[in-house]
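# An overview of the molecular structure
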Amino acid sequence: MNSIHEVAPSLSRLAAELSGTNPLRVPEYLGPETVMPLASILATILGFFLVFWRLIAKTVKKVIRRARGLPDEMPPEVEMEEAPVDESSKTENISTQ
Amino acid sequence: MKRVIVIGLDGFEPKIVEGLLARGELPNLAKLCEQGGYRRLKTTHSAQTPVAWSTFSTGTNPGGHGIFDFLTRDTKTYLPIMALSRYEQKNAFVLPKVVNMRRGTPFWNLLSARDVQSTIIRVPCAYPPDQIKGRMLSGVGVPDLRGGFGTPTFYSSRTGLSSEQSEKVLTVSVKDGKVATHIVGPRDPKTKSDHKFDINIQIDKPGNKIIIQSQGQPEKLEVQLGKWSKWLKVKFKVGMMQSVSGIVRFNLRQIEPEFELYASPVNFDTEEPLFPISSPQEYAHDLAMKIGRYYTAGMAEDHDGLNNERFDESSYLDQCRLVLRERRKMMEFELGRFESGFFFCLFDTPDRLAHMFWRFTEPDHPANRGVQQPEFAQVIEEHYRECDAIVGEAMKHADEDTLFIVLSDHGMNSFQRGLNLNTWLYENGFLALKANSQPGEGGDFFQNVDWNQTKAYALGLGCIFLNMAGRESNGILKAEEAEPVREGIVSGLTGLVDSDRGQVAVRSVARREQVYRGPYLSEAPDLLVNFSEGYRVSWGTPLGGVPRGLFEDNLKKWGGDHVIDPELVPGVLFMNKAFREESPSLVDLAPTILNALGVPKGAEMEGKDLLS
């Protein structure tokens, strides 16, 4: 008959092996107490993105542009003064009539 | 056909066009005429931009799309409201959204359903924009940041200056060559006060200019005397972590003896519009990155500034040219990458310019007040020549496989005399005023009207509504009483003579069912007044005024108009393919374009393919 000292290591080895196949391993069990805070955190992150996604996208874009050494994205300047009318082309247009 | 290109020239008047064509001054349009043809184009009842372009897009009469005028009325309060769009907020937790009041199915939706791409620039009554395959930028109907058609601000050091039509006036004081003031932003719906954006103005007298310093973009903006500035991007703080940005231009009128500065209505920011003005939403931003910031308000031209005499004709002309150049840039940029499908670009300036410069073509126009300015007499024709050059530029993108169309929604005519429609209704027993009230005492918004005794009232540009029981909140007319009242108004107004001039002011009055049919007929005005040439509804009528006297001279610089009998103000139609020439109408364009692109016309469309 084996003493308890001899059996114990075998039992603990068995337990260790079984735990490898057990589908209800403690770290992987997602009960309500785990899911709810997790969902809450995810919802917070998602909500934050939904509210500020434009700002975030803009900031990310800006950071990338700066990292690449490019200036901030700006609409091109529009010239306020009109170019002088090319009188020769005007005449040409009319004469094609 | 692989492609259809449509260039819209708002308010392009056939009589002017035909004169210029005869003189050989519109070479590109003449070329189109030779290739395909030219006809006058039947417009809508009434001949107004939003009504007519909605008919162009849906192929139905206004009864099929529900746009009858710029304005309609709130049947609960009788107050005028914008007819083109409205804002909805279901509850405090949902963001407000804008709803387009143009109903019906625009033909580009049918194109999208068949995977045909469209590029549509500044089409009226598409705010918010239709979700299409391709790109769309909204036009007339997009408000300024205050939610109206455009409210400019006039800064003056003169005291006692009062606000004129659709504007804000701010009295400022100049201290040590500096002015501290603000830009007027959107109204706070809770406090009813205006949001403000602070600016500091440094006056440079020797340089004939000012520098506007602010936290906007750019931080320092130079404005030369008598010139339009570049855009200033401003941001209004409207709440905790909430801000609204817009863009504004300035025109410096005077530095001394009085300081006077004009600020345009604050347009939606091109990069971050308050509400969507393009489809896809980022298109407005992307376009700005390519061509620069641009006017986003539907009414881009600052006609109120000229009408209120806050700047002169030359400045208005400069601004119209700015808008035209900007639109041309949009067109050229988009045509440069246009491969197949439908392309549309609308140029509004022919209309806005003719409204303000028509009077120079008529020496006897009351608005001239006896002063002739011959330097402006040719402005409209010169502008038409510029438009012809734009058409020529667009024609370069049309090949054998392209249907190329140039059209206008309506023409233009004279506006010398105004009829006070509500006053006529009052004098003829259809509209009642409260006890001890007389015409001319109440101002706008039907202030002194006694609704319990009123049978009919006028609002908008020539619309008359009956005060119907069960429809209007204080309606008194039963269904069986309506027709005798309508008959009384029709017979009384038809042929109405302006006794001061001995001219017939009203050609006819149309009952709504005579000119409209379709699902939105019940929203239409009950009667439409068809004015003669030279006449229009007075300035005091559209917002519900009952001024003194029947007729009045039009002394405003807005001296041309087209809201008269639609038969007198047809548009123009040019096509590069031979087309059926008997009385083409705006309703024919949608089926023609659809058919050219191989898409069957919509079931509710009323017109016919002009090419078949």
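Given the structure is predicted, the values throughout are model-derived calculations rather than measurements.

### Digging into the confidence of the model for chain A
Residues and elements named next belong to chain A. Looking at chain A as a whole, its pLDDT mean stands at 70, while 54% of the residues score no less than 70. Of all helices and strands in chain A, the one with the weakest mean pLDDT is helix α3 (residues 87–95) (37), whereas helix α2 (residues 32–67) scores best (88). Segment residues 84–97: pLDDT under 50, and eight contacts once partners within four positions in sequence are set aside and those in other chains are kept.

### Some thoughts on the interface of chain B and chain A
Counting residues at the interface gives 24 residues for chain B and 17 residues for chain A. Summed over both partners, the interface of chain B with chain A buries about 1,800 Å², with 57% contributed by carbon and sulfur atoms. Here chain B and chain A share two salt bridges between them. Among the ionic pairs, glutamate 77 of chain A bridges to lysine 230 of chain B, the shortest N-O distance being 3.6 Å. Contributing elements (two or more residues each) for the side of chain B that touches chain A: α2 (27–35), α6 (283–291) and α8 (313–336) of chain B. When residues in the side of chain B that touches chain A are grouped by element, the largest group, five residues, is from α6 of chain B. Classifying every residue of the side of chain B that touches chain A by side-chain character gives eight nonpolar, six polar and ten charged.

### Observations regarding the domain arrangement of chain B
Each assigned domain of chain B is listed with its residue range as follows: domain 1 (3–67 + 102–142 + 298–412 + 570–596), domain 2 (153–267) and domain 3 (416–567). With centres defined by C-alpha atoms, the gap from domain 2 of chain B to domain 3 of chain B works out at 39 Å.

### Remarks on the sheet that holds strand β8 (residues 134–138) of chain B
All names here are of chain B. Spatial ordering of the open sheet is given by β2-β33-β22-β1-β21-β7-β8-β20, a layout of eight strands whose pairing is mixed. For this open sheet the edge positions go to β2 (37–41) and β20 (278–279), each flanked by a neighbour on one side alone. Taken together, the five bridges between β2 and strand β33 (residues 571–575) define a ladder with antiparallel strand orientation. By the bridge assignment for β33, leucine 41 is matched with glycine 571. The strands touched by helix α14 (residues 589–596) are β1 (3–9), β2, β21 (341–347), β22 (402–407) and β33; relative to β22, the strand with the most contacts, the crossing angle is about 165 degrees.

### So, the environment of proline 128 of chain B
Residue and element names in this part refer to chain B. With respect to the secondary-structure elements, proline 128 resides in the loop between β7 (118–123) and β8. Between the C-alpha atoms of proline 128 and glycine 141, which are 13 residues apart in sequence, the distance is 8.8 Å. Residues contacting proline 128, with those up to four places away along its chain left out, are Val98, Val99, Asn100, Ser138 and Pro276.

### Remarks on the nonpolar core
Residue and element names in this part refer to chain B. In terms of nonpolar packing, the biggest core is built from 95 residues, with Ile7, Ile183, Ile212, Phe250, Phe259 and Phe357 touching the most fellow members. Viewed by domain, this core spans two of them, domain 1 (3–67 + 102–142 + 298–412 + 570–596) and domain 2 (153–267), each represented by three or more residues. Residues contacting phenylalanine 250, with those up to four places away along its chain left out, are Ile183, Ile212, Leu221, Val223, Lys227, Trp228, Ser229, Leu232, Leu261, Tyr262 and Ala263. In this structure, Cys125, Ile464, Leu466 and Leu493 belong to the second largest nonpolar core, which totals 52 residues.

### Structural notes on the environment of glycine 429 of chain B
Residues and elements named next belong to chain B. With respect to the helices and strands, glycine 429 occurs in the loop between α11 (421–427) and β24 (456–459). Overall, glycine 429 belongs to the partly exposed group, its relative accessible area being 42%. For the pair formed by glycine 429 and threonine 454, sequence separation is 25 residues and the distance between their alpha carbons is 8.3 Å.

### Here's the deal with the confidence of the model for chain B
Residues at a pLDDT of 70 or more form 100% of chain B, whose mean pLDDT is 96. Scoring of the predicted complex yields 0.89 for pTM and 0.70 for ipTM.

### Topic: the sheet that holds strand β18 (residues 260–263) of chain B
Residue and element names in this part refer to chain B. Spatially, four strands are ordered β10-β9-β18-β17 in an open sheet, and the strand pairing comes out mixed. The open sheet has two edge strands with one neighbour each: β10 (168–171) and β17 (250–254). Adjacent strand axes in the sheet meet at a mean angle of 20 degrees, parallel and antiparallel pairs treated alike. Here β17 pairs with β18 via four bridges, running antiparallel. Bridging across to β18, asparagine 251 finds its partner in tyrosine 262.

Conventions used here
- The written sequence of each chain sets the order in which its residues are numbered from 1.
- For this description, chains carry letters from A and ligands carry numbers from 1, given in the order in which they are written.
- At least 70 in pLDDT is required for a residue's local features to be given in this predicted model, at least 80 for side-chain atom pairs to be given and counted, and no such filter applies to totals for whole chains, interfaces and linings, which use all residues.
- To get the side-chain values, take all heavy atoms of the structure and skip hydrogens and water.
- Per residue, pLDDT captures the predictor's confidence, and it can take any value from 0 to 100.
- Helix and strand assignments come from DSSP, with helices taken as H or I runs of at least 4 residues and strands as E runs of at least 2, each series counted from the N terminus.
- A contact between two residues is defined here by any heavy atoms of the two lying within 4.5 Å.
- The term buried area means the drop in 1.4 Å probe accessible area that two parts suffer when joined, counted for both and summed.
- Take a side-chain nitrogen of Lys or Arg and a carboxyl oxygen of Asp or Glu: if they are within 4 Å of each other, that pair is a salt bridge.
- Three residue categories are used. Nonpolar comprises Ala, Val, Leu, Ile, Met, Phe, Trp, Tyr, Cys and Pro, charged comprises Asp, Glu, Lys and Arg, and polar comprises the others, including Gly.
- The start and end points of each domain follow an automatic or database-based domain assignment.
- Criterion used throughout: strands pair if DSSP finds at least two bridges between them.
- To get an axis, a line is fitted to the C-alpha atoms, and for a helix only the part in contact is used. The angle between two axes follows their N-to-C directions and goes from 0 to 180 degrees.
- We call a set of buried residues a nonpolar core when its members are Ala, Val, Leu, Ile, Met, Phe, Trp, Tyr or Cys and they connect through side-chain atoms within 4.5 Å of each other.
- A simple rule labels every residue: compare its accessible area, found with a 1.4 Å probe on the protein chains alone, to the largest value its type can have, and call it buried under 20%, exposed over 50%, or partly exposed in between.

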